[in-house]
Amino acid sequence: MEDDILTQTEHERWMDLALRQAERAYEEGEVPVGAIVVKDGKVIGKGYNQNEQLKDPTAHAEIIAITAAANALGDKRLDGCTLYVTLEPCAMCAGAIVLARIPVLVFGAYDAKAGACGTLMNIVEDRRLNHAVHVIPGVRDDKSTALLRSFFGSLRN
């Protein structure tokens, strides 16, 4: 699998693009989570949290990026793709990742309250499901965590 042989630096470069999406969410008053879908060295989907703007509990960065990628490919299956997301996906997003058959997930910060890719549960690597995802955690976690702390700190003030 091509994504398994990418260097840490290459994963960091892609994660930087997901962080740009998270910064956009931050600027728009949304929880700063960003995601991109990469296939064959190209971004084919991107998204950031838009729950507040759209008044939609499903408008997570991952869902928006997955939908954009599926539309770009004209297929519900995202074979050969890698999803980069700045925060460990929740159960809803983890389920969508499995259903889209995304082979590789790279995430930044762990989510102690809702993480479903290793923290609270591990939906994406559960062998009882019909698809398992290779997970690469902690890429640019310092930047992802700093952005989230800044956002929630500003809410408290």
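In what follows, the structure referred to is the one given above.
Below or above, wherever it landed, is the structure these notes cover. (Residues numbered from 1 in each chain as written. Predicted model: local features only at pLDDT ≥ 70, side-chain atom pairs only at ≥ 80, totals over all residues. Heavy atoms only, no water.)

**Details of the packing of aromatic side chains**
Step number 1: Using the criterion set out here, one finds four aromatic pairs in the structure.
Step number 2: Measuring from centroid to centroid gives 5.7 Å for Y26 and F151, while their planes differ by 70 degrees, and the two rings are edge-to-face. Here the residue Y26 occupies a position in helix α1 (residues 8–27), and F151 occupies one in helix α5 (residues 141–156), the gap between them amounting to 125 residues.
Step number 3: Y26 sits in the partly exposed class, given a relative accessible area of 26%.
Step number 4: Overall, the relative accessible area of 7% leaves F151 in the buried class.
Step number 5: Aromatic pair F151 and F152: ring centres 5.1 Å apart, planes at 80 degrees, arrangement edge-to-face. (Phe/Tyr/Trp six-rings, centres within 6.5 Å; stacked < 30°, edge-to-face > 60°. Helix = DSSP H or I, 4+ residues; strand = E, 2+ residues; numbered from the N terminus. Buried < 20%, exposed > 50% of the residue type's maximum accessible area, 1.4 Å probe, protein only.)

**As for the side chain of Q21**
Step number 1: Mapped onto the elements, Q21 comes out in helix α1.
Step number 2: When sequence neighbours within four positions are dropped, the list of residues in contact with Q21 reads G34, A35, I36, K46, G47 and Y48. (Contact = heavy atoms within 4.5 Å.)

**Description of the packing of α1 against α5**
Step number 1: At a minimum axis distance of 11 Å, the contact between α1 and α5 shows a crossing angle of 5 degrees. Comparing their axes, α5 and α1 come out roughly parallel. Residues D16, L19, A22, E23 and Y26 of α1 touch α5, and the partners they reach there are K143, S144, L147, S150, F151 and S154.
Step number 2: When its residues are assigned to classes, the contact of α1 with α5 shows five nonpolar, three polar and three charged. (Axes fitted to C-alpha atoms, helices over the stretch in contact; angles between N-to-C directions. Parallel < 35°, antiparallel > 145°, perpendicular 65-115°, else oblique. Nonpolar A, V, L, I, M, F, W, Y, C, P; charged D, E, K, R; others polar.)

**Side note on the nonpolar core**
Step number 1: Membership of the largest hydrophobic core comes to 29 residues, with the highest contact counts inside it found for I66, L78, L83, I97, L105 and V124.
Step number 2: Broken down by secondary-structure element, the contributors of at least two residues to this core are β1 (34–39), α3 (61–73), β3 (81–87), α4 (91–99) and β4 (104–109).
Step number 3: Take this core: its biggest share by element is five residues, from α3.
Step number 4: Beyond its immediate chain neighbours, meaning those up to four positions away, L83 contacts A35, I36, V37, E62, I66, I97, I102, V104, L105 and V106. (Core = buried A, V, L, I, M, F, W, Y, C linked by side-chain atoms within 4.5 Å.)

**Observations concerning the layout of surface pockets**
Step number 1: Its boundaries defined by the atoms lining it, the largest pocket holds a volume of some 470 Å³.
Step number 2: Lining the largest pocket we find 20 residues, and of these V31, L87, D111, L148 and F152 sit closest to its centre.
Step number 3: Take the lining of the largest pocket: its biggest share by element is five residues, from α5.
Step number 4: Residue classes in the lining of the largest pocket are distributed as 10 nonpolar, four polar and six charged. (1 Å grid on protein atoms, 1.4 Å probe; cavity = no way out; pocket = protein on both sides within 12 Å on 5 of 7 lines; lining within 4 Å. Points joined across faces, edges and corners; volume = space filled by probe spheres on them.)

**Some points on α3**
For an α-helix, the turn length of 3.6 residues means that residues three or four places apart are oriented alike.
Step number 1: An ideal rise of 1.5 Å per residue puts 18 Å on 13 residues; α3 measures up with 18 Å between its terminal C-alpha atoms.
Step number 2: Buried-residue contacts for α3 involve β1, β2 (42–48), β3 and α4.
Step number 3: Phi turns positive, to about 70 degrees, at G74, one or two residues after α3. (Expected span 1.5 Å × (residues − 1).)

**Quick look at α4**
Step number 1: All of the buried residues along α4 are C93, A94, A96, I97 and V98.
Step number 2: Where α4 is buried, its residues touch α3, β3 and β4.

**Overview of the pattern of salt bridges**
Step number 1: Under the defined criterion, the tally for this structure stands at four salt bridges.
Step number 2: Residue E12 is joined to R140 by a salt bridge in which the shortest nitrogen-to-oxygen separation is 3.6 Å. Of this pair, E12 sits in helix α1 while R140 sits in the loop between β5 (134–136) and α5, and the two are 128 residues apart along the sequence.
Step number 3: In this structure, D126 and R128 form a salt bridge, with 2.6 Å as the shortest nitrogen-oxygen distance.
Step number 4: Classification of D126 by relative accessible area gives buried; the value is 19%.
Step number 5: One salt-bridge network, in which partners are shared between bridges, spans E12, D16 and R140. (Salt bridge = Lys/Arg side-chain N within 4 Å of Asp/Glu carboxyl O.)

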